[in-house]
Structure formats: C-alpha cells, structure tokens
Amino acid sequence: MAQSIRAMRRPKSKRVNWDTVDIGNGEKGELGEGWACDWKRLTTDFEPAKDQPSTGNTGAEVGDAPADRPNIEHCTLADARAYLQSTAQSDSRPWPSNCLVTVRVDLLNRGVPTACARIYRLPTGPKNSELRKQWLALHPKNQVKQRGPKHGLPRLPKDAPAHLVQRRLVRSLIEPPKVGEDAYPVCPSEEDLIGFVTTGNYHLGEGQGTDIGSILLERVRGDGEENRLCIVRNAGTGIGRLARWDLV
C-alpha cells in the first residue's frame with residue numbers, strides 16, 4: 001500500500017505505465033501490480049480479468065475487503081522439505097494447493113534483483129523445450145572456460161593466418177549470448193510463474209546478486225539440480241536472469 005501511495009504522488013510523466021511494459025516473449029503489460037508482489041496470480045482459482053483495465057497506475061483501493069485477499073498459506077521449512085522430496089503417488093498427506101515457502105535466490109550470472117521481481121521456473125512443456133535448453137546453456141557449468149583476456153576475444157591483425165581466424169570464429173560461436181542480443185533467451189510465460197522477490201540487493205561478500213522471496217511449492221515439486229534453477233525478472237523489464245533457489 002505504501003508503494004502504491006508513493007507511485008501516485010509521482011508526476012504522471014515519471015510513473016511507470018505497467019500496461020505498456022514489454023516483459024518479453026511477445027507479451028505486453030506487467031503481470032499483476034508492477035509495484036507489488038501480486039500473490040493472487042499464484043493461486044489455482046485465479047482468473048485474469050480480460051475486460052477490466054490494469055490498475056498498475058492507480059494503485060489498490062484503500063478499502064480492500066479481506067475476502068478479496070488471496071487464500072495463501074505459508075509452509076514451514078520442515079514441511080516444505082518433506083513435500084519437495086516426496087512424489088505424488090507415494091504421498092497421501094492433504095497438502096494445501098496454495099502453499100508458499102521462503103527461499104533465498106542467488107543469481108548465477110550478472111544482475112541485481114530488486115523487490116517485487118518475478119520468479120519463474122525453467123520453461124515447461126514440449127513447446128518450450130528449446131527455450132529451456134537456451135536457459136540451461138547460461139549455467140556457468142555449461143559454459144566453456146576460455147583463456148586469454150577477461151573481457152571479450154582478442155583482436156586479430158588483418159594479416160592473421162586462416163587457422164587463427166577460424167579458431168576465433170569457433171570461440172565466438174560457443175560464447176553464451178549476452179543481455180540485449182537477439183539470441184538471449186526470453187522470459188517464460190505466466191504459467192511458469194512461481195513466486196516473487198520481497199527484498200534483493202548485491203551481496204558484496206559473495207560478489208553476486210541475492211534476494212529473499214517466496215515461491216509456490218506445488219509448482220517446484222521434485223528433486224534434482226534443474227528443479228532448483230529459476231529465472232528472476234525485475235518488475236518493469238523484460239530481461240530475465242538465471243538463478244538458483246534454496247529453502248531458508
């Protein structure tokens with residue numbers, strides 16, 4: 001609510017028009033309220049209002065009724081670990097469908113997460129298999145370590161031998177795409193949204209961006225390294241960053 005009031009006090013020319021934000025993947029308009037963690041979009045009974053305009057610039061009503069709040073529960077650390085390690089066939093416990101758990105998210109590459117950033121799981125579904133591979137290629141373990149200058153490839157003289165030119169071409173092709181390039185993977189769609197960042201910053205001690213947030217348990221069920229990978233996109237932008245989440 002405080003963020004909504006601050007946004008309304010800004011001049012209209014300096015406000016972010018959340019309806020026109022390019023969030024990638026050919027989609028326009030921020031998911032939910034851009035200035036807040038819109039938890040209701042994670043609930044199983046959520047249905048976006050297609051006929052109603054977004055309220056991203058006007059803010060939430062002061063007199064929101066408690067009945068309008070999302071039906072979400074918070075899960076303890078012990079229960080979350082038991083749920084993630086179990087399978088749907090062997091687990092007979094009645095787990096709530098809208099259950100959140102607190103996580104720490106560490107960015108694996110560059111970038112600084114901010115509050116209200118959107119957290120996605122890796123793209124799912126057969127039609128997103130290629131996009132999933134593109135995101136996995138950005139993992140530091142899947143990148144070839146190169147020797148030579150730290151920033152970019154060395155320049156070759158104009159009379160360089162053909163084998164050196166070919167070697168440089170091969171090295172440029174195996175380099176992962178950078179942010180802003182056409183080959184950089186787009187963010188997943190809303191069906192892969194799993195949570196929001198509540199606070200984030202750059203960790204000077206570890207030299208990387210870290211944040212604290214909450215994710216929906218039923219959308220990350222399973223075990224394995226790939227299941228802990230996620231994509232963080234700051235609100236109002238269309239650029240995602242590969243990251244890894246851990247229970248806290």
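Up top you'll find the structure we're talking about.
Computed from a predicted structure; not experimentally measured. (Residues numbered from 1 in each chain as written. Predicted model: local features only at pLDDT ≥ 70, side-chain atom pairs only at ≥ 80, totals over all residues. Heavy atoms only, no water.)

**Notes on the pattern of salt bridges**
We apply this condition: By definition here, a salt bridge exists when the distance from a side-chain nitrogen of Lys or Arg to a carboxyl oxygen of Asp or Glu is within 4 Å.
Throughout the structure, instances matching the rule amount to 11 salt bridges. In this structure, the salt-bridge partner of Arg 244 is Asp 246, at a minimum N-O distance of 2.4 Å. Residues participating in the shared-partner salt-bridge network are Glu 225, Arg 228, Arg 244 and Asp 246.

**Topic: the pairing of strand β8 (residues 229-233)**
For clarity, the cut-off: Each residue is assigned to one of three classes by its accessible area relative to the maximum for its type, calculated with a 1.4 Å probe on protein chains only: buried under 20%, partly exposed between the two thresholds, exposed over 50%. Only DSSP runs of H or I covering at least 4 residues are called helices, and only runs of E covering at least 2 are called strands; the numbering of each starts at the N terminus. A strand pair is defined by DSSP finding two or more bridges across the two strands.
Among the 5 residues of β8, 5 are classified as buried, and the element is accordingly described as predominantly covered. Judged from the 4 bridges that link them, strand β5 (residues 118-121) and β8 form a sheet pairing that is antiparallel. Its bridge partner lying in β8, Ile 119 is registered against Val 232. Sheet analysis places β8 next to strand β9 (residues 240-247), joined by 5 bridges and oriented antiparallel. By the bridge assignment, Ile 231 is partnered in β9 with Leu 242. Between β8 and the antiparallel strand that follows it, β9, lie 6 residues; Gly 236 among them carries a positive phi value of about 90°.

**Concerning the nonpolar core**
For clarity, the threshold we go by: Among the buried residues, those of types Ala, Val, Leu, Ile, Met, Phe, Trp, Tyr and Cys that are joined through side-chain atoms within 4.5 Å form a nonpolar core. By the convention used here, residues are in contact when the closest approach between their heavy atoms is within 4.5 Å.
Judged by nonpolar contacts, the single largest core of 23 residues is most densely connected at Leu 42, Leu 122, Trp 135 and Leu 193. Every element with two or more residues in this core is listed here: α3 (129-136), β6 (193-203) and β8. Looking at this core element by element, the count peaks at 3 residues for α3. For Leu 122, the residues in contact, after removing those within four places along its chain, are Arg 132, Trp 135, Leu 136, Asp 192, Glu 226, Leu 229, Ile 231 and Leu 242. Core analysis: the second largest hydrophobic core is formed by 21 residues, Ala 80, Cys 99, Leu 107 and Val 197 among them.

By themselves these figures say nothing about function.
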